[in-house]
Amino acid sequence: MKKPSQSQFLLLLIVAALIGVGIYFVVVTVKQASAASNLETQIADVEGQISSINGQYDIDALNDTLNDLYDELEDSQFPTEDGVGTIAVLDVVSDAKDAAGVRIIYGNMPDTVSTVYLNGNENDNGTEYMAFIYELEATATELSGLYNFLYEIESNASYQSLIINAVEIEYIHTTVEEPPYRHTTSKIIVYTQT
């Protein structure tokens, strides 16, 4: 067997290098095709999920509802900080007291207003409101009197943003001086726009 000449050896090396490059390109192309196929599968899955969500929820209808709610909020009687009258709140409490037949032991007017965040917090894009907080204590001989008192306040409030919070009711036993009665403490909160 004859030894290959230098030119044949060089030609053999070039052919081997071209075969190696060809194999490399085939491997890379197969990997890219496989990755593209995986991506197409993932895209199809995500598009299917989006279609199922769109099928479950009518996005346009939800946007219309959201816009209607924003319009309703703008038209609501949501008071501003300047629009909350302490006297108006205390008048509602006084009228509720008379209607329910309870006795007010303590009622304060808020010295300051508190900043509160609804639908999140300060760092969570919560909506900032001011809160006027009135503390009340009342007594009645019957539990229904206290219920009617709180109901009268809530149903006759001047502001749609008035809520009654932190209601505690205690039964006070008979003493030598007094018959049994119910005692309640609660907070009336009026939220206002800032």
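Procedures and definitions
Residues numbered from 1 in each chain as written. Predicted model: local features only at pLDDT ≥ 70, side-chain atom pairs only at ≥ 80, totals over all residues. Heavy atoms only, no water. Helix = DSSP H or I, 4+ residues; strand = E, 2+ residues; numbered from the N terminus. Buried < 20%, exposed > 50% of the residue type's maximum accessible area, 1.4 Å probe, protein only. Contact = heavy atoms within 4.5 Å. Core = buried A, V, L, I, M, F, W, Y, C linked by side-chain atoms within 4.5 Å. Phe/Tyr/Trp six-rings, centres within 6.5 Å; stacked < 30°, edge-to-face > 60°. Salt bridge = Lys/Arg side-chain N within 4 Å of Asp/Glu carboxyl O. Expected span 1.5 Å × (residues − 1). Arc of directions from axis to C-beta.

What to know about the overall build of the protein chain
Helix and strand counts for the protein chain come out as four helices and five strands. The linear arrangement of helices and strands in the protein chain, starting from the amino end, is α-α-α-β-β-β-α-β-β. When the 194 residues of the protein chain are sorted by exposure, 21% land in the buried category. Here the analysis covers contacts within the protein chain between residues at least 6 apart in sequence; of these, 68% occur between residues at least 24 apart.

A closer look at the nonpolar core
Membership of the largest hydrophobic core comes to 21 residues, with the highest contact counts inside it found for Val102, Tyr134, Phe149, Ile153, Ile188 and Val190. Counting only elements with at least two residues in this core, the list comes to helix H3 (86–100), strand S3 (127–140), helix H4 (143–155), strand S4 (162–172) and strand S5 (181–193).

So, the packing of aromatic side chains
Summed over all chains, the structure comprises two aromatic pairs. When the centroid spacing of 6.4 Å and the interplanar angle of 15 degrees are considered together, the rings of Tyr147 and Tyr151 count as stacked. Of this pair, Tyr147 and Tyr151 both sit in helix H4, separated by four residues, roughly a single helical turn. Of the residues examined, Tyr151 reaches a relative accessible area of 46% and is grouped as partly exposed.

Some points on the pattern of salt bridges
Here the idea is simple: oppositely charged side chains can pair when their charged atoms come close. Scanning the model with the defined rule gives one salt bridge in all. Residue Asp98 is joined to Lys97 by a salt bridge in which the shortest nitrogen-to-oxygen separation is 3.2 Å.

Brief notes about H3
Here H3 spans 21 Å end to end across 15 residues, near enough to the 21 Å set by a 1.5 Å rise per residue. All of the buried residues in H3 are Thr86, Val89, Val92, Val93, Ala96 and Ala100. Down the axis of H3, the buried side of the element spans an arc of 130 degrees, and every buried residue falls inside it. Exposed and oriented more than 90 degrees from the buried face of H3 are Ile87, Asp95, Asp98 and Ala99. Just downstream of H3 lies Gly101, where phi reads positive at about 70 degrees.

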